[in-house]
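So you can see what is in the structure, the chains are spelled out below.
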Amino acid sequence: MYYLDVSFYFRRFMLMIIHKAPAFLAKYMLVPSQPECLLFILFFLVVCRKCELAFKTLLFVAFCIVVNAALKVTFQVPSYATSAKGHFAFPSGHMQFSTVFYGWIIYHLRHDVLRRRIHGNKNENTECKIDSFKTYLLYSLLMLILFIVGYGLVLAEYHSMDDVIAGWIVGTLLVCFIGAIELVIPRYVPIFVTSIASACMIYIPFQYAPIPEHAWWAYGIVLLLSLHWICTMHINGKTRLP
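To start, this report covers the structure provided alongside it.

Cut-off values and rules
Along each chain, numbering runs from 1 in the same order as the chain's sequence is written. In keeping with the model being predicted, local features are shown solely for residues with a pLDDT of at least 70 and side-chain atom pairs are shown and tallied solely at 80 or more, while totals for entire chains, interfaces and linings include all residues. With hydrogens and water set aside, each side-chain value is computed from the structure's full complement of heavy atoms. Under the scheme used here, helices are H or I runs from DSSP no shorter than 4 residues and strands are E runs no shorter than 2 residues, and both carry numbers assigned from the N terminus. Only the protein chains shown count as covering a residue, and every accessible area follows the Shrake-Rupley method with a 1.4 Å probe. Criterion for a salt bridge: a side-chain nitrogen of Lys or Arg within 4 Å of a carboxyl oxygen of Asp or Glu. Burial status follows relative accessibility: with a 1.4 Å probe on protein chains alone, a residue under 20% of its type maximum counts as buried, one over 50% as exposed, and anything between as partly exposed. As used in this record, nonpolar core signifies buried Ala, Val, Leu, Ile, Met, Phe, Trp, Tyr and Cys residues forming a set joined through side-chain atoms within 4.5 Å. Residues are treated as being in contact if the distance between any of their heavy atoms lies within 4.5 Å.

Considering the overall build of the protein chain
Link 1 in the chain: On a plain count of helices and strands, the protein chain comes out with nine helices and zero strands.
Link 2 in the chain: In sequence order, the protein chain lays out its α and β elements as α-α-α-α-α-α-α-α-α.
Link 3 in the chain: Total accessible area on the protein chain is roughly 14,400 Å²; 70% of this is exposed by carbon and sulfur atoms.

Re the pattern of salt bridges
Link 1 in the chain: Tallied over the entire structure, the rule returns two salt bridges.
Link 2 in the chain: Taking the shortest distance from any N to any O, the salt bridge between Glu52 and Lys56 comes out at 2.9 Å. Pair noted here: Glu52 and Lys56 are both in helix α4 (residues 51-75), with a separation of four residues, about one helical turn. Both residues of the pair, Glu52 and Lys56, count as buried.

So, the nonpolar core
Link 1 in the chain: In terms of nonpolar packing, the biggest core is built from 56 residues, with Phe60, Phe63, Phe101, Tyr102 and Ile105 touching the most fellow members.
Link 2 in the chain: Secondary structure elements with two or more residues in this core: α3 (35-47), α4, α5 (93-119), α6 (125-155), α7 (161-184), α8 (189-207) and α9 (213-236).
Link 3 in the chain: By residue number, the principal contributor to this core is α4, which donates 14 residues.
Link 4 in the chain: Those residues in contact with Phe60, other than ones at most four positions away along the chain, are Val100, Trp104, Ile178, Val189, Val193 and Trp229.

Some points on the environment of Arg187
Link 1 in the chain: Following the sequence through the fold, Arg187 ends up in the loop between α7 and α8.
Link 2 in the chain: For the pair formed by Arg187 and Met233, sequence separation is 46 residues and the distance between their alpha carbons is 7.8 Å.

Structure below.
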């Protein structure tokens, strides 16, 4: 009962903030979830010699889009933004892939800091503390970005709060799932991702036909990048990408 009361008042508080915010802010709040912004960040990672991070982020976001398409045709909640047939809202695709995109970057940076702490020497302790502080700042910034994106989606009336929360939950679970597989059996990450994405593509037509075009594009990216990952491991005998 206490949990239900807290949830009720939290929803009322969020709705009050949403309705008081100026509507013109919505399009600016959605900028972090736009493809142009995400591609710019990936390009920036490549320039900063974080090619592996950029590669995996793109792969997992494409995988997330395929999973989101399968979830949407499962629940088939009509979209608020359009009355066109085949456009579903639950869970929010923008919120889900934004959570995976930024969440994976957070996970990767935190994992690098922890690895440096474990394998570092005494002379590197100060650097590790500085890196940890920077990572926490980045973590806070990216969490703020996710809040802004979710807030903008509701403010622009593209999604309800339930859609946004569901997208955030699914995205977080996907990051945790992929991160756990990479820690335990990193060699099989591309196989798991490809297998689940293929299962989703087979499942979608049974629920709703035809398969959305964006799902086909995302699935193609998953296949291409997974194949590259597997070939690289086979040639180099390593789980890490060059």
